[in-house]
Amino acid sequence: TAIPAVQARRYSRESLEHVLSLTAIVGDLAMIVLGFVLANLMCYSALVPAWMASRPLPFVSESYARIMCGSAMVLWGLVGRDLYNYKNLLAPAKIWHRFIEALGFCMAGFLGITVVVRTDPPVPWMFFVYAACLIFLDIYVWRLFLSWLIRRPAVSCRLRKRLVVIGGGWQTRRIQQALGA
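Keep in mind it's a predicted model, so treat the numbers as computed, not measured.

Can you help me understand the packing of helix H1 (residues 13–44) against helix H2 (residues 64–79) in this one?
Geometry of a packed helix pair, given as the angle between the helix axes and the separation of the axes. At a minimum axis separation of 9 Å, H1 and H2 run at an interaxial angle of 135 degrees. Judged on the interaxial angle alone, H2 and H1 are oblique. As for the relative orientation of H1 and H2, their crossing is right-handed in sense. Judged by residue contacts, Ile-25, Asp-28, Leu-29, Ile-32, Val-33, Phe-36, Val-37 and Asn-40 of H1 engage Ile-67, Met-68, Gly-70, Ser-71, Val-74, Leu-75 and Leu-78 from H2. Of the residues in the contact of H1 with H2, the class split is 11 nonpolar, 3 polar and 1 charged.

Is there a simple way to think about empty space enclosed by the protein in this case?
Scanning the entire structure with this criterion turns up 2 cavities of 30 Å³ or more. Considering the residues around the second largest cavity, the lining is formed by Leu-78, Phe-99, Leu-103, Ile-135, Phe-136 and Ile-139. Of all elements in the fold, only helix H4 (96–116) and helix H5 (125–150) reach the threshold of two or more residues within the lining of the second largest cavity. Counting residues per element, the lining of the second largest cavity draws most heavily on H5, which supplies 3 residues.

Where do I start with the packing of aromatic side chains in this structure?
On inspection of all chains with the given rule, the structure shows 5 aromatic pairs. Taking the centre distance of 5.7 Å and the plane angle of 65 degrees together, the rings of Phe-36 and Phe-110 count as edge-to-face. Within this pair, whereas Phe-36 is found in helix H1, its partner Phe-110 is found in helix H4, the two being separated by 74 residues in sequence. On the accessibility criterion, Phe-36 (0% relative accessible area) is buried. For the ring pair Trp-142 and Phe-145, a centre distance of 6.4 Å and an interplane angle of 40 degrees mean the geometry is tilted. Of this pair, Trp-142 and Phe-145 both sit in helix H5, separated by 3 residues, roughly a single helical turn.

Would you explain a nonpolar patch on the surface in this entry?
On the surface, a nonpolar cluster with roughly 460 Å² of combined accessible area is contributed by Leu-111, Ile-113, Val-115, Val-116 and Val-117. With respect to the helices and strands, Val-115 occurs in helix H4.

About the thresholds
Residues numbered from 1 in each chain as written. Predicted model: local features only at pLDDT ≥ 70, side-chain atom pairs only at ≥ 80, totals over all residues. Heavy atoms only, no water. Axes fitted to C-alpha atoms, helices over the stretch in contact; angles between N-to-C directions. Helix = DSSP H or I, 4+ residues; strand = E, 2+ residues; numbered from the N terminus. Parallel < 35°, antiparallel > 145°, perpendicular 65-115°, else oblique. Left-handed = near helix turned anticlockwise from the far one by under 90°. Contact = heavy atoms within 4.5 Å. Nonpolar A, V, L, I, M, F, W, Y, C, P; charged D, E, K, R; others polar. 1 Å grid on protein atoms, 1.4 Å probe; cavity = no way out; pocket = protein on both sides within 12 Å on 5 of 7 lines; lining within 4 Å. Points joined across faces, edges and corners; volume = space filled by probe spheres on them. Phe/Tyr/Trp six-rings, centres within 6.5 Å; stacked < 30°, edge-to-face > 60°. Buried < 20%, exposed > 50% of the residue type's maximum accessible area, 1.4 Å probe, protein only. Patch = residues over 30% accessible without salt bridge, like charges linked within 9 Å, V, L, I, M, F, W, Y side chains within 5 Å. Areas by Shrake-Rupley, 256 points an atom, 1.4 Å probe, with all protein chains shown as cover. Salt bridge = Lys/Arg side-chain N within 4 Å of Asp/Glu carboxyl O.

This is the structure in structure tokens:
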């Protein structure tokens, strides 16, 4: 007996856009957490001059709650900036200024919270500088990769908008041929 061919499901354009938005949000959260963890590790590395490393920073295992809180704050700031619609996912180079605005605002808020809420040991300011730079770099590279994936023919053909040409005659056929229909 012959095995029936598996037919590809036809998903609506809107559902695929929602899946892409959700993928971007989850990827951004992973990149934000990665940025905070790398910033924490950089504060322990030899990259920090001795005069800047006067304050000890807790290890990642001891500050996971702080990292997750900061990650949630940054993600909240990004979600509120309309960065997850299909048009913005296609062109991350055009919206990098919105990333910087949201990231700067949230990092300033996170810094303010750590100043108001006493932490032991206190978080050095270099951690916030490293975290902001690394988070922006991580998210930007992730978004460039996601944009590249979205532009692949397997995904882009399902996300194209459809156009219906109504009419008859030689002009309608000429329009359909010009559109590649």
